[in-house]
Amino acid sequence: MQKQLEKKHPLAIRWLHWINFPLLFMMIWSGLLIYWANRVYGIRIFGYELFAFFPEGFFEFLGVPFRLAEGLQLHFFFMWLFAVNGLIYVAYLAVSGEWRAVLPVPGSLKRAASVALYDAKILKKKPPQGKYNDAQRVAYTSVIFMGAGSIITGLAIYKPLQLAWLTSLLGGYQWARWMHFWLTILFVLFFLVHIVQVALAGWSNFRSMISGYEVVDAATTGDTEAARAETQG
Amino acid sequence: MSDDKEVLFEKVRELRNGDSSDSKNTAKILGEKRYLSEPVDADTARKEMFRRSLRTFLIGGASAAVGFFGWRWMPNEIKYGILRRTFEFNEKVSQLFYSPSRLSPEFPRDHVSPRRVNGFAGMEKEINLASWTLSVGGLAGRSDDLVLNLDDIKALPRTEMVTELKCIEGWSTIVHWAGVRFSDFAARYLPKTIDDSRPDIANSPEKLVPYVSITTPDNGYFVGWDMPSILHPQTLLAYEMNGEPLLPEHGAPLRIASPTKYGIKQIKRIGRIEFTAERPRDYWTESGYDWYSGH
């Protein structure tokens, strides 16, 4: 069978994606070192704590306790790199036209649900998609907003006097801190789902995030005949 | 021939994703494009894919190794230096945007939270409030310390505020403070200037020496402040907390209260204040915390 190489991920996207990985890791790790000093959040129902963030053993296991100063040093260094990398990513999406592959449209949520049903083998027919399916579009766009949210809530905690208007807008200092924490939990959940999905999607898909290319069957690309006519004509 | 193969893949063709009649396909709605090479046999495709993968995996792997081991094996002095300089860079950025006219929100008095005590450095010994005095150094026109007592402080205009005290650990409490604005204190007891000109707190604070060092009577706790933050209208020399005189554990008889910086900077049980041109030592900075620690 004839094959085609499909250029899936531009060089800039690949670099920005992989650079973001250690940056996000360092932001979450240093955030954990900071959070330990006032570890107050949990999931509570009617005053009963179902789960505390986090059990003492979790902190002990990771060697987190008494490293607040180090956490602050790392957080306020990597915040610049994390923010700049994110801003370049958003600018690149806008300028290059890559946004066409990433953004959802009204109706994407419904189609994202179809993707989930297809993945769960409930729907037989694969929902139509471009490079990413609608569930990916929703997830990848959400994570951009989560990044923006982390920066905004972070600034509100970092400069609650000079940016008092922002801190007040978020409901005050402690609410801003609460949101900053939960956004981090969402990042971790995103990361876990992302890892599972990448593992399920297989080697060829993973490799394309490094090489940029993926081999596809010529027959399945749909546009091949038209493309052939185009180039021959 | 190999050149032809290059051309085949480098000139990957740009394709519109078919017709736009399919309204159920987000890719088509947004006009997403696909970039495909010429169709080739499976063997050629595999070889070309391997060639491209090898190159990018080597570059990627090398970059990851440089990043990971570069950070991991970086000598601690260098790493610490970078992080310390980042704190100082962040401080400069903060000061670029600093405005003394921006105020921290104040709260109604019934929002005051339960008291919370943290930190006893410099306060281990009992204090005799009756014999307490405040030494002030670095004043304009004199080289020795001026010695004041609490009545001298209380003679200055009284200011009250209900503000949020933020601990660097992440918790915060709302406190009702009463005391003297530090700027009122400095207007009465004038700091020296960098060029020995006449000090003018209100109109040319930039001429004043840029730092203030504040220490406990036993020098067990010490903080450094930048002049703009300490002259902020919400920085108080506080002698009352939540409607009563300061308790010993909260810094009796006189402490700094200010929403401009973390609690680590709001020194309790002040013994000496010095206006200085040198950046003062700071207790927690010596354990790796940000000297500025400003909001």
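Since the model is a prediction, treat every value here as computed from it, not as a measurement. (Residues numbered from 1 in each chain as written. Chains lettered and ligands numbered in written order. Predicted model: local features only at pLDDT ≥ 70, side-chain atom pairs only at ≥ 80, totals over all residues.)

### Observations concerning the overall build of chain B
- The secondary structure content of chain B amounts to 7 helices and 12 strands.
- In terms of overall size, chain B is more extended than a compact globule, its C-alpha atoms giving a radius of gyration of 31 Å where 295 residues would be expected to give roughly 19 Å.
- Across its three principal directions, the C-alpha atoms of chain B cover 95 × 50 × 40 Å.
- When each of the 295 residues of chain B is scored for burial, the buried share is 34%.
- Sequence separation of at least 24 residues holds for 64% of the intrachain contacts in chain B that already meet a minimum separation of 6. (Helix = DSSP H or I, 4+ residues; strand = E, 2+ residues; numbered from the N terminus. Rg over C-alpha atoms; globule rule 2.2 N^0.38 Å. Buried ≥ 20, exposed ≤ 12 C-beta atoms within 10 Å, placed from the backbone. Contact = placed C-beta atoms within 7 Å.)

### Observations regarding the domain arrangement of chain B
- Assigned domains of chain B: these are domain 1 (2–72) and domain 2 (79–287).
- For domain 1 of chain B versus domain 2 of chain B, the separation of C-alpha centres amounts to 60 Å. (Domains from an automatic or database assignment.)

### Let's talk about the nonpolar core
- By size, the foremost hydrophobic cluster in this structure holds 45 residues, and its most contacted members are B:W177, B:F182, B:I214, B:L236, B:L237 and B:A238.
- If we ignore the near neighbours within four places in the chain, the residues touching B:L237 are B:I153, B:G179, B:V180, B:F182, B:F185, B:L254 and B:I256. (Core = buried A, V, L, I, M, F, W, Y, C linked by C-beta atoms within 7 Å.)

### Observations concerning the packing of helix α5 (residues 108–119) of chain A against helix α6 (residues 134–158) of chain A
Residues and elements named next belong to chain A.
- Where α5 meets α6, the axes come as close as 7 Å, and the angle between the chain directions of the two elements is 120°. Judged by the angle between their axes, α5 and α6 are oblique. Contacts from S108, L109, R111, A112, V115 and A116 in α5 reach D134, A135, R137 and V138 in α6.
- Along the lines of polarity and charge, the residues of the contact of α5 with α6 split into 6 nonpolar, 1 polar and 3 charged. (Axes fitted to C-alpha atoms, helices over the stretch in contact; angles between N-to-C directions. Parallel < 35°, antiparallel > 145°, perpendicular 65-115°, else oblique. Nonpolar A, V, L, I, M, F, W, Y, C, P; charged D, E, K, R; others polar.)

### Things to note about the confidence of the model for chain B
- On average, residues of chain B score 93 in pLDDT, and 94% of them reach the 70 mark or higher.
- Interface confidence for the predicted complex, expressed as ipTM, amounts to 0.92; the pTM equals 0.92. (pLDDT = per-residue confidence, 0-100.)

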